[in-house]
Amino acid sequence: MTTISHGIMTAYSGLQAMQQSIETTSNNIANSETKGYSRQTAVLAPNDAYTVPGMQFHGAQQGQIGAGVHVSMMQRARDQFVDKSIRLESGVQGEAQANAQGLQRVEAAFNEIEGDALTVVLQKFYDSWQELALHPDNLATRTAVVETAKDVSNQMNTLVNTIRRAQKDTDEQVDLTVAEVNRDLTQVAQLNKRITESVQSGDQPNDLLDQRDRIFDELATMGNFKFVPLNDGVVNVTLNGLYLVDRDAVSPLKSVFKAGGVAGFQAVAPGALKAGDLIINGVSIVDSATPVAVATPRDLVNLINAKMQATKGVSADLDTNGQLVLRSTGDGTQTISVGVTGVGLTVSGMKNDLYQVTNGHEVQFADGRTADLTTGQLKGLMKTVQVDTPAILKQVDQLANTLITRVNGLHASGYNLYKNTGSPFFTGTQAKDMAVSTTIQADVRLIAAAVNPLSPPGDGNRSLDIAALKNQPLMSGRTTEDFYNNLLSKVGFAVAQAQDKVKNQDQILNGLESRRQEVSGVSMDEEFANLIRFQRAYQGASRMVSVFNDMMGDLLNMIR
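Read on for a plain summary of the structure. Nothing here was measured: the structure is a model prediction, and the numbers come from that model. (Residues numbered from 1 in each chain as written. Predicted model: local features only at pLDDT ≥ 70, side-chain atom pairs only at ≥ 80, totals over all residues. Heavy atoms only, no water.)

1. Description of the overall build of the chain
Working step 1: Counting its regular elements, the chain contains 11 helices and 19 strands.
Working step 2: The principal-axis extents of the C-alpha atoms in the chain amount to approximately 145 × 55 × 35 Å.
Working step 3: Relative to its 560 residues, the chain shows a buried fraction of 43%.
Working step 4: Considering only intrachain contacts with a sequence separation of at least 6, the fraction spanning at least 24 residues in the chain is 70%.
Working step 5: For the chain, the accessible area works out to roughly 27600 Å², and carbon and sulfur atoms hold 51% of it.
Working step 6: Across the chain, the 48 positively charged side chains and the 59 negatively charged ones have centroids separated by 3 Å. (Helix = DSSP H or I, 4+ residues; strand = E, 2+ residues; numbered from the N terminus. Buried < 20%, exposed > 50% of the residue type's maximum accessible area, 1.4 Å probe, protein only. Contact = heavy atoms within 4.5 Å. Areas by Shrake-Rupley, 256 points an atom, 1.4 Å probe, with all protein chains shown as cover. Lys, Arg positive; Asp, Glu negative; His and termini not counted. Charge placed at Lys NZ, Arg CZ, Asp CG, Glu CD.)

Next comes the structure, spelled out in structure tokens:
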């Protein structure tokens, strides 16, 4: 037979269980606005029944009677499938956001140029040549040609420098994001350790699990990281199958500045390298009348570095195949102008051209291997730096180079007021170094506006030819103005496309987040209903304690 004290303890277990349930409900309500908090539930289970010898149940000689209730666990409401879907889509969103922000910086560069837009400046440039054709002997008109040309070159210089600054800003974000990733990885390792210790001691570290899940959500926006759960509550983090977090050990990523290069040259024919044979960024590697022996590719590397050391901007080295590699020494995308005119060199897979190389940060593992990032902010940042911005810079350089080449070509075949053939009107080969010849700036009579050296100063037919460039399809079937406007449209479209992708991902993530909140979120109505339910149960258990207490009193009175 059971005792009254057993009944009291059974009722008391109900008081304890309901108190824990009420405390859990209170904690849910308190954290209803806490980001990443998962609703918790006190899971109730009956205590082991009490065996009563001699109690007969349907002929049995002993029976069992209930011993109350206890809280078996604090269950955390979480849907792993929804979590995985959110992290997958967060990576896509992170890439789109980073790409959109980087492209917006580049787009802003086109709008930050002071004064008239480039299209307006180009129009004034062509018009000044048209005016010179009417008044070729007028020095003021010639000065106007120089000034409008300076405006064009200044706009080109400013545009490309502003784009490169935007590119550098985006590239620096790679370094900062990698540092943020490493901080998160360290926190995951620390949480793994604390969670393991808590689980081993028999606790349920729900708050620590929530904290770790929030970090996983952050990591998912930055790269294609994988989260591998183990049976003891530990979750490892991998990238490309390599462990970044292995239980409580961290192998951090590195952000390494890497210079791109132009490869494909090999030195041949020792002693054949003469002045003008190899020109890099307008600098002849050999400028003496005496040929320089080039017996090995290393000799060529030494020649280039010795020559370019004074002008800087380019360094030379050999790759693993022994071929010459030219690298820019600056940040962002730089253009290396290569000209091979002699017979002392063999060109393999290259031609005389303006080659673009991009210097920027690369994400590597601790052992130096390059990380393959397929999604996330890091992917979006590097795409902007290494793919999108170089493509835009290339077109700006193409526009500048076309203007320089076509104007200089016509100008060289004309005659100035001294009845001499024209010298180059523009100097430089690309947007960053485009400028009006300082010699012509000093003496506008050197502008070659005439076609015939025997014509009087009134001949301005060559300036008409230059003015006519305005309407000629010089660039992929487009005029220079149309080419520039098309470039602006491409940049705007790329920004809009990236922004649309961000909006689409926002909608997808909002839907998934709603599903997560249905499972993990705190519903105030539900919690209030639970609070009333647990309160009533607590009151019932309390009443039972009171009843048993009265029974105990009655029993004691009977004994007296």
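Still more to cover.
2. Observations concerning the pairing of strand S5 (residues 226-229)
Working step 1: Alignment of S5 against strand S6 (residues 235-239), held across four bridges, turns out to be antiparallel. Bridge pairing links valine 228 to asparagine 236 in S6.
Working step 2: Counting the residues in the hairpin turn of S5 and S6 gives five residues, including glycine 233, whose phi is positive at 95°. (Pairing = 2+ DSSP bridges.)

3. Section: the packing of aromatic side chains
Working step 1: Per the counting criterion, the structure on display carries seven aromatic pairs.
Working step 2: An aromatic cluster of at least three residues, connected via ring pairs, comprises Phe125, Tyr126, Trp129, Phe425 and Phe426.
Working step 3: Cation over ring: arginine 87 sits above phenylalanine 227, and NZ or CZ is 5.6 Å from the ring centre. (Phe/Tyr/Trp six-rings, centres within 6.5 Å; stacked < 30°, edge-to-face > 60°. Lys NZ or Arg CZ within 6 Å of the ring centre and 35° of its normal.)

4. Describing the sheet that holds strand S9 (residues 254-258)
Working step 1: Here five strands make up an open sheet; going across it, the order is S9-S17-S15-S11-S12 and the pairing antiparallel. Because the sheet does not close on itself, it has two edges, and the strands there are S9 and strand S12 (283-284).
Working step 2: Of the pairings in the sheet, the one linking strand S11 (residues 278-280) to S12 comprises two bridges and is antiparallel in character. Of the residues in S12, the one forming a bridge with isoleucine 279 is serine 284.
Working step 3: Most of the contacts of helix H4 (residues 139-200) go to strand S17 (residues 353-364), to which it runs at about 20°, and overall it touches S9, strand S15 (332-340) and S17. (Axes fitted to C-alpha atoms, helices over the stretch in contact; angles between N-to-C directions.)

5. Description of the sheet that holds S6
Working step 1: Spatially, the four strands line up as an open sheet ordered S5-S6-S7-S8, and their pairing is antiparallel. Since the sheet does not close on itself, it has two edges, and those belong to S5 and strand S8 (249-250), each with one partner.
Working step 2: Where strand S7 (residues 242-246) lies against S8, two bridges are found, and the strand directions are antiparallel. Counterpart to aspartate 246 in the pairing with S8 is alanine 249.

6. Some details on the pattern of salt bridges
Working step 1: Throughout the structure, instances matching the rule amount to 21 salt bridges.
Working step 2: Its salt-bridge partner being aspartate 287, residue lysine 307 comes within 2.5 Å of it at the nearest N-O pair. Within this pair, whereas lysine 307 is found in helix H6 (residues 297-311), its partner aspartate 287 is found in the loop between S12 and H6, the two being separated by 20 residues in sequence.
Working step 3: The class for aspartate 287 is exposed, based on a relative accessible area of 54%.
Working step 4: Among the ionic pairs, arginine 516 bridges to glutamate 513, the shortest N-O distance being 3.7 Å. Taken as a pair, arginine 516 and glutamate 513 lie in helix H10 (residues 480-520) at a separation of three residues, close to a single helical turn.
Working step 5: A relative accessible area of 9% means that arginine 516 is categorised as buried.
Working step 6: Under the relative-accessibility criterion, glutamate 513 is labelled partly exposed at 30%. (Salt bridge = Lys/Arg side-chain N within 4 Å of Asp/Glu carboxyl O.)

7. Notes on a nonpolar patch on the surface
Working step 1: On the surface, Leu555, Leu556, Met558 and Ile559 cluster together to form a nonpolar patch covering roughly 440 Å² of accessible area.
Working step 2: Examined against the element boundaries, methionine 558 turns out to sit in helix H11 (residues 524-559).
Working step 3: We classify methionine 558 as exposed; its relative accessible area is 67%. (Patch = residues over 30% accessible without salt bridge, like charges linked within 9 Å, V, L, I, M, F, W, Y side chains within 5 Å.)

8. Brief notes about the packing of H4 against helix H7 (residues 377-412)
Working step 1: It is at 10 Å that the axes of H4 and H7 come closest, and there the two elements cross at 170°. Viewed along their axes, H4 and H7 adopt a mutual orientation that is roughly antiparallel.
Working step 2: Residues that form the contact of H4 with H7 fall into these classes: 19 nonpolar, seven polar and three charged. (Parallel < 35°, antiparallel > 145°, perpendicular 65-115°, else oblique. Nonpolar A, V, L, I, M, F, W, Y, C, P; charged D, E, K, R; others polar.)

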